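Tertiary structure, described
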Amino acid sequence: MATQPMKFAIFGDIHANLEALQAVLYDAQEQGCASYVCLGDIVGYAANPVECLETVRGLNCPTVRGNHDEGASGNSSLDELNPLAYAALMWTREQLSEEQRQWLKDLKLVRQVRDFTIVHATLDSPGNWGYVTNRFDAMASFSYQFTQVCFYGHTHVPRIFEKDDAVRASRGTEVSLTRGTKYFVNVGSVGQPRDGDWRAAYTIYDVQAQTISIRRLEYDIETAQRKIHEAGLPPLLADRLALGK
Ligand code: ZN
């Protein structure tokens, strides 16, 4: 019997951008992904927190909690957030039902799925919401990574870190897994990319082919922006979508 083909669509930092989420899920299906994994920050910033939460929940897939999920759940103080994030989260809290906030609250910070790990921010202190932006940050997470591959988000910048004798940031968006090498992979952001490319990002992990590839997709950004304006959220949240920042 042939090996069961298995492709995971791994996505996070949706930030209530329903148009971007729908584009990603459509593409994942086209690409033959049968399994989904969500790295958190489902809500916060854009105008469809309820719809995004229910869409992700409907996938019934492994999901970890992001800092915006935590903020919107009413679990933590919002004092340390920037003013834009603060305004969006106060608005988001009002949109969500008590039951939806509880669902966000109950999400775990770190999970193992099959043979890989998922986390929103860092493996060394997942609840402190630090940012992994360079190989030194990645090194700290690698010390707590007990699977060959770990997927994370939070920076909204897709990147593949590799560790064998040393830790390197790979420039590419695709990698074939090599035995003895560990991978710490930022899957990019669905709903608010910050690498200067406005297109939605997510990652496919092909278990059979042993490849990881980061994909970019155009989506209906005008509608997402219009909804942000109509909701009365800060206009800058709409502007930045087009800049990819
Ligand atoms: Zn985020």
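Residues numbered from 1 in each chain as written. Predicted model: local features only at pLDDT ≥ 70, side-chain atom pairs only at ≥ 80, totals over all residues. Heavy atoms only, no water.

Here's the deal with the overall build of the protein chain
Helix and strand counts for the protein chain come out as 8 helices and 11 strands. For the protein chain, whose C-alpha radius of gyration is 17 Å, the value lies close to the compact-globule estimate of 18 Å for 245 residues. When burial is assessed residue by residue, the protein chain has 55% of its 245 residues classed as buried. Long-range contacts, defined as pairs at least 24 residues apart, comprise 71% of the intrachain contacts of the protein chain with a sequence gap of at least 6. When the accessible area of the protein chain is evaluated, it comes to approximately 10,900 Å², of which 47% is carbon and sulfur surface. Treating the 24 positive side-chain charges of the protein chain as one cloud and the 30 negative ones as another, the clouds have centres 5 Å apart. (Helix = DSSP H or I, 4+ residues; strand = E, 2+ residues; numbered from the N terminus. Rg over C-alpha atoms; globule rule 2.2 N^0.38 Å. Buried < 20%, exposed > 50% of the residue type's maximum accessible area, 1.4 Å probe, protein only. Contact = heavy atoms within 4.5 Å. Areas by Shrake-Rupley, 256 points an atom, 1.4 Å probe, with all protein chains shown as cover. Lys, Arg positive; Asp, Glu negative; His and termini not counted. Charge placed at Lys NZ, Arg CZ, Asp CG, Glu CD.)

Describing the coordination of the zinc ion
Ligation of the zinc ion by protein atoms is provided by Asp13 (OD), His15 (NE2), Asp41 (OD) and His156 (NE2), these donors lying 2.0 to 2.3 Å from the ion. For the zinc ion, the 4 donor atoms in the first shell make angles of 84 to 177° at the metal, a pattern classed as irregular. Sequence spacing among the residues donating to the zinc ion works out to D-x1-H-x25-D-x114-H. You can see His15 sitting in the loop between strand 1 (7-11) and helix 1 (18-30) and its partner Asp41 sitting in the loop between strand 2 (35-38) and helix 2 (49-59), a full 26 residues away along the chain. The same class applies to His15 as to Asp41, namely buried. (Donors = N, O, S within 2.8 Å, 3.2 Å for Na, K, Ca; no water. Tetrahedral: all angles 85-135°; square planar, octahedral: opposite > 155°, others 65-115°.)

So, the packing of aromatic side chains
Counting across every chain of the model gives 8 aromatic pairs. Between the aromatic rings of Phe116 and Tyr205, the centroid separation amounts to 5.5 Å while the plane-to-plane angle is 80°, which identifies the pairing as edge-to-face. Of this pair, Phe116 sits in strand 4 (residues 116-119) while Tyr205 sits in strand 10 (residues 200-206), and the two are 89 residues apart along the sequence. The same class applies to Phe116 as to Tyr205, namely buried. Here the aromatic residues Phe8, Phe116, Phe151 and Tyr205 are joined through ring pairs into a cluster of three or more. One Lys or Arg, Arg240, reaches over the ring of Tyr45 and ends 5.5 Å from the middle of that ring. (Phe/Tyr/Trp six-rings, centres within 6.5 Å; stacked < 30°, edge-to-face > 60°. Lys NZ or Arg CZ within 6 Å of the ring centre and 35° of its normal.)

Considering the sheet that holds strand 3 (residues 110-113)
Read across the sheet, 6 strands follow the order 3-4-5-9-6-7 without closing on themselves; strand pairing throughout is mixed. Each having just a single partner strand, strand 3 and strand 7 (167-170) make up the two edges of the open sheet. Mean inter-strand twist for the sheet, computed between neighbouring axes without regard to direction, equals 20°. Bridging between strand 6 (residues 159-163) and strand 7 involves 4 bridges; their strand directions are antiparallel. Pairing of Glu162 across the sheet is with Arg168, part of strand 7. (Pairing = 2+ DSSP bridges. Axes fitted to C-alpha atoms, helices over the stretch in contact; angles between N-to-C directions.)

Some words on the environment of Tyr183
Along the chain, Tyr183 turns up in strand 9 (residues 182-186). Residue Tyr183 is classed as buried on the basis of its relative accessible area, which comes to 1%. Separated by 137 residues in sequence, Tyr183 and Ala46 place their C-alpha atoms 31 Å apart. When residues no more than four places from it in sequence are discounted, the contact partners of Tyr183 are Phe142, Gln145, Gln148, Val149, Cys150, Ile160, Phe161, Glu162, Val175, Ser176, Leu177 and Thr178. Side-chain polar atoms of Tyr183 contact the backbone nitrogen of Thr178, separated by 2.8 Å. (Polar contact = N/O pair within 3.5 Å; in protein donor to acceptor, adjacent residues only side chain to side chain.)

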